[in-house]
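Single-letter residue listing:
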Amino acid sequence: MSEFLGFAWELLAKVVYNVVAVVSSILNLLVFGWVEYFNIFMTYFTTFDLVGKIGAVILFAMLIAVPVLIVAILIHHYRINRRLHRDDTSNKALYREIGRLNKQVLDLMDEKNKLLALKVNAMGGTKQIPYVGASALADDHLPTVGNVVGAAAGAGTVAGAAPGEAVTAAVVSGNASLALDGAGVKDAAAAMAKATVEAKTLAEEKEIAQANRFPKLSLVDLKYRDWESPVYDDAISLEDFVDSFRAFACSQMKLYYTPEIIRRFVAGMAASKLLILEGISGTGKTSLPYSFSRYLDNPATIVSVQPSFRDRTEVLGYFNEFSKRFNETEFLRAVYEAGLRQDPSMIVLDEMNLARVEYYFAEILSVLEMPSHDEWVLDLVPTQWAADPKGLHDGKLTIPDSLWFIGTANNDDSTFTITDKVYDRAIPIELNERADAFECEPHERVHVTADHLQYLFQKAKVEYVIDEELLQKMHKLDQYLQTRFKLAFGNRIIKQMYDFIPVYVACGGTELGGMDYIIARKVLKKFESMNVSFVRDEMKGLIEYIEKTFGEGGLPDSVMYLQRIQNFY
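Residues numbered from 1 in each chain as written. Predicted model: local features only at pLDDT ≥ 70, side-chain atom pairs only at ≥ 80, totals over all residues. Heavy atoms only, no water.

## Observations concerning a nonpolar patch on the surface
We apply this condition: Each patch is built from salt-bridge-free residues with over 30% relative accessible area, joining like charges within 9 Å and nonpolar side chains (Val, Leu, Ile, Met, Phe, Trp, Tyr) within 5 Å. Per-residue and other accessible areas were derived by the Shrake-Rupley procedure at a 1.4 Å probe size, with only the shown protein chains allowed to occlude residues. By definition here, a salt bridge exists when the distance from a side-chain nitrogen of Lys or Arg to a carboxyl oxygen of Asp or Glu is within 4 Å. Numbering of helices and strands starts at the N terminus; helices are DSSP runs of H or I of at least 4 residues and strands are runs of E of at least 2.
Together, Phe4, Leu5, Phe7, Leu11, Val15, Val19, Val23, Leu27, Val31 and Phe32 make up a nonpolar patch on the protein surface, roughly 950 Å² of accessible area in all. Locating Phe32 in the fold gives a position in helix α1 (residues 2-32).

What follows is the structure, given as structure tokens:
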């Protein structure tokens, strides 16, 4: 045994000795040996030439960098370990807090269910209240025998009726009974039928909301499933159309517009699907399209543009991959509903330049430029589902020809400048003055189809062809603008002029007045973006050329517009 102890002692002593030697060597290498290193460095440093001294300094610096790097690595690992330990502790606390909040949510849901049960029991329970669908639990007006039959049904037999002439029926609900005569039975039956239809509609709406990825559009389908269109007036002329709208706005809505503004508005509808109403606040920019839509008995949808609008999803919505539903907007609903109606529809983009129009409205502007109406298609979803609204085809929605987009715009520090790209595609109408109030006879709404309105526009183009002499003058002005200002009317503006002027004349205006308005608002408006000094110097010559070509006072709106720009600069 003593031999084994001796063996163990010698072996362990040798191991300990080696460990101590290793530790001592490391300490001498990294800590205690630096005095000897420095002495060696100083002993030889004085004997070196310049190159040797530089090499010695570099070598000694490298030796210093090794322990410094080792210490830095150790400190870095220590800090990482401490941070991981701290994060682990924070995560555990967070998990505990999430568990506590989940328990509170479950407790609140249980409390809500108890309150709903108490509400149902307080209203009589399911034995006294007939079941009309799950939505009944959320409604305060639940059908009972009393409110279905009506108060008038409890009158009993007719006073003074001869014996045997009155037919009575007893309707019992709980402890209440009602005696009904023959007429009362019919009223009760009609009320019951109405309640049944309403309950069925509520159930269908709830089913649509739960099972359809386009619930708003599907509800529009439900609304127009049994819709009966009114009797349309296909005999009205454009001039009567303008006069009767002015009378309607005055008598029914206490809104006053000059005939000139209404002519421009209607003629603008003939020239473009996008109209921009500009002017100072309070001049009726929003009320004009709203009252016009009321006159057509098809109220416009007003969409308030927000400064956050950036792309098409702000107006058309988007498909939510998480909920598998399409986030529909009122704008999208209005576009879809317009396709189910025959009369003209309008969507008002209120304060449209609070955001950049060319951003959020770019796709619709491009679609409306397509020459064929079959190409006026908006892609909503890539594929069609069986339960999608009937107006969607392969996930695409067609913009109906009966729809107009009306934008209102203020020019102040809170808005963006509307670019030429948008102006070229639209018909701008300025409203800078309020019309004087006047008296007129009451006038009712009119019902016209969009097809008939388009027919009136085409009829005006046939009956009021633009005078060839006036077109020649316009061509001369175009040549002058191209030569002096590098401005041109452009094909789009020419087309809009051919559509605008005949309808403007049919509404009671003149050819020269219509051309004057288009030149001022569509062509000369481009001066606002040109060089200031150049415009100021050339403006007087342009005014003189206009008066020479069209006669003095021939284009008063254009001359006034140029003078306003000249004074502004």
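The rest of the description comes next.
## Details of the pairing of strand β10 (residues 403-409)
Cut-off, in case you're wondering: Burial classes follow relative accessibility: with a 1.4 Å probe on protein chains only, a residue under 20% of its type's maximum area counts as buried, one over 50% as exposed, and anything between as partly exposed. Note on pairing: two strands pair once DSSP finds at least 2 bridges between them.
In terms of residue burial, β10 counts as a mostly covered element, since 7 of its 7 residues are buried. Two strands pair when backbone bridges link them, and strand β3 (residues 274-278) and β10 are joined in this way by 5 bridges, in the parallel orientation. Residue pairing for β10: Leu275 is matched across the bridge by Ile406. Pairing of strand β7 (residues 345-350) with β10 involves 5 bridges; the strand directions are parallel. When the sheet's bridge partners are listed, Val348 is paired in β10 with Ile406.

## Some thoughts on the environment of Ser251
This is how the line gets drawn: Residue contacts follow a heavy-atom distance rule, with two residues in contact if any of their heavy atoms lie within 4.5 Å.
Looking at the secondary structure, you find Ser251 in helix α8 (residues 238-253). For Ser251, a relative accessible area of 18% gives the class buried. Spatially, the C-alpha atom of Ser251 lies 7.8 Å from that of Glu439, the residues being 188 residues apart in sequence. For Ser251, the residues in contact, after removing those within four places along its chain, are Cys440, Glu441, Pro442 and His443.

## Description of empty space enclosed by the protein
What counts here: The pocket and cavity definitions rest on a 1 Å grid over protein atoms only: a 1.4 Å probe that fits but cannot leave marks a cavity, an open set with protein on both sides within 12 Å along at least five of seven lines marks a pocket, and residues lining either have an atom within 4 Å of a point. Grid points are joined across faces, edges and corners, and a volume is the space filled by probe spheres set on the points. Nonpolar residues are Ala, Val, Leu, Ile, Met, Phe, Trp, Tyr, Cys and Pro. Charged residues are Asp, Glu, Lys and Arg, and all others, Gly as well, are polar.
Summed over the entire model, instances satisfying the criterion amount to 1 cavity of 30 Å³ or more. Computed from the structure, the largest cavity encloses a volume of approximately 60 Å³. Put simply, the parts of the chain that give the lining of the largest cavity at least two residues each are α15 (420-425) and α19 (511-523). When residues in the lining of the largest cavity are grouped by element, the largest group, 3 residues, is from α15. For the lining of the largest cavity, the class distribution of residues is 2 nonpolar, no polar and 6 charged.

## What about the packing of helix α9 (residues 259-271) against helix α10 (residues 287-295)?
Counted only if it meets this: Helix axes use the C-alpha atoms of the stretch in contact, all axes being lines fitted to C-alpha atoms, and the angles between their N-to-C directions lie in the range 0 to 180 degrees. Roughly parallel here means an angle under 35 degrees, roughly antiparallel means over 145, roughly perpendicular means 65 to 115, and every remaining angle is called oblique.
Running from N to C, α9 and α10 cross one another at 75°; their axes reach a closest spacing of 12 Å. Taken as axis vectors, α9 and α10 run roughly perpendicular relative to one another. Contacts from Ile261, Phe265, Val266 and Met269 of α9 reach α10 at Leu288, Pro289 and Phe292. Taken together, the residues that form the contact of α9 with α10 break down as 7 nonpolar, no polar and no charged.

## Description of α10
What α10 keeps buried is the set Leu288, Pro289, Ser291, Phe292, Ser293 and Tyr295. The secondary structure elements touched by the buried residues of α10 are α8, α9, β3, β7 and β10. Two residues or fewer past α10, Asp297 is found with a positive phi of approximately 60°.

## Regarding the packing of aromatic side chains
The condition that has to hold: In summary, the pairing rule links any two rings of Phe, Tyr or Trp, Trp by its six-membered ring, whose centres are within 6.5 Å, and it sorts them by plane angle into stacked for under 30 degrees, edge-to-face for over 60 and tilted for everything else.
Under the counting rule described, the total for this entry stands at 23 aromatic pairs. Pairing Tyr224 with Trp227 gives two aromatic rings, centres 5.2 Å apart and planes at 70°, and the pair type is edge-to-face.

## Topic: the nonpolar core
This is how it is decided: For our purposes a nonpolar core is just a set of buried Ala, Val, Leu, Ile, Met, Phe, Trp, Tyr and Cys residues, chained together by side-chain atoms within 4.5 Å.
Leu238, Phe241, Phe265, Val266, Phe527 and Leu542 are the most contacted members of the largest nonpolar core, which totals 75 residues. Contacts of Phe265, omitting those with residues within four sequence positions, involve Leu275, Leu277, Leu288, Pro289, Phe292, Met346, Ile406 and Ile429. Phe214, Tyr224, Phe309 and Tyr360 belong to the second largest nonpolar core, which has 43 residues in total.

## Remarks on the sheet that holds strand β4 (residues 301-304)
An order of β4-β7-β10-β3-β11 is seen for the 5 strands of this open sheet, with the pairing classed as parallel. Whereas interior strands pair on both sides, the edge strands pair on one side only; in this sheet they are β4 and β11 (427-430). Taken over all neighbouring pairs, the strand axes of this sheet differ in orientation by 20° on average, direction set aside. Packed onto the sheet, α9 meets β3, β7, β10 and β11 and runs at close to 170° relative to β11.

## Topic: the pattern of salt bridges
On inspection of all chains with the given rule, the structure shows 28 salt bridges. Here Asp343 ties to Arg341 by a salt bridge, and the two come within 2.9 Å at their closest N and O atoms. Accessibility assignment for this pair places Asp343 and Arg341 in one class, buried. Among the salt bridges present, the one from Glu430 reaches Arg521, with a minimum N-O distance of 3.6 Å. Taken together, the residues Glu430 in strand β11 and Arg521 in helix α19 connect sequence positions 91 residues apart. Take Glu430 and Arg521: they sit in the same class, and that class is buried. Here the salt bridges share partners, and the residues they tie into one network are Lys216, Lys223, Glu330, Arg333 and Glu337.

From the geometry alone we can't say anything about function, so treat these as descriptive.
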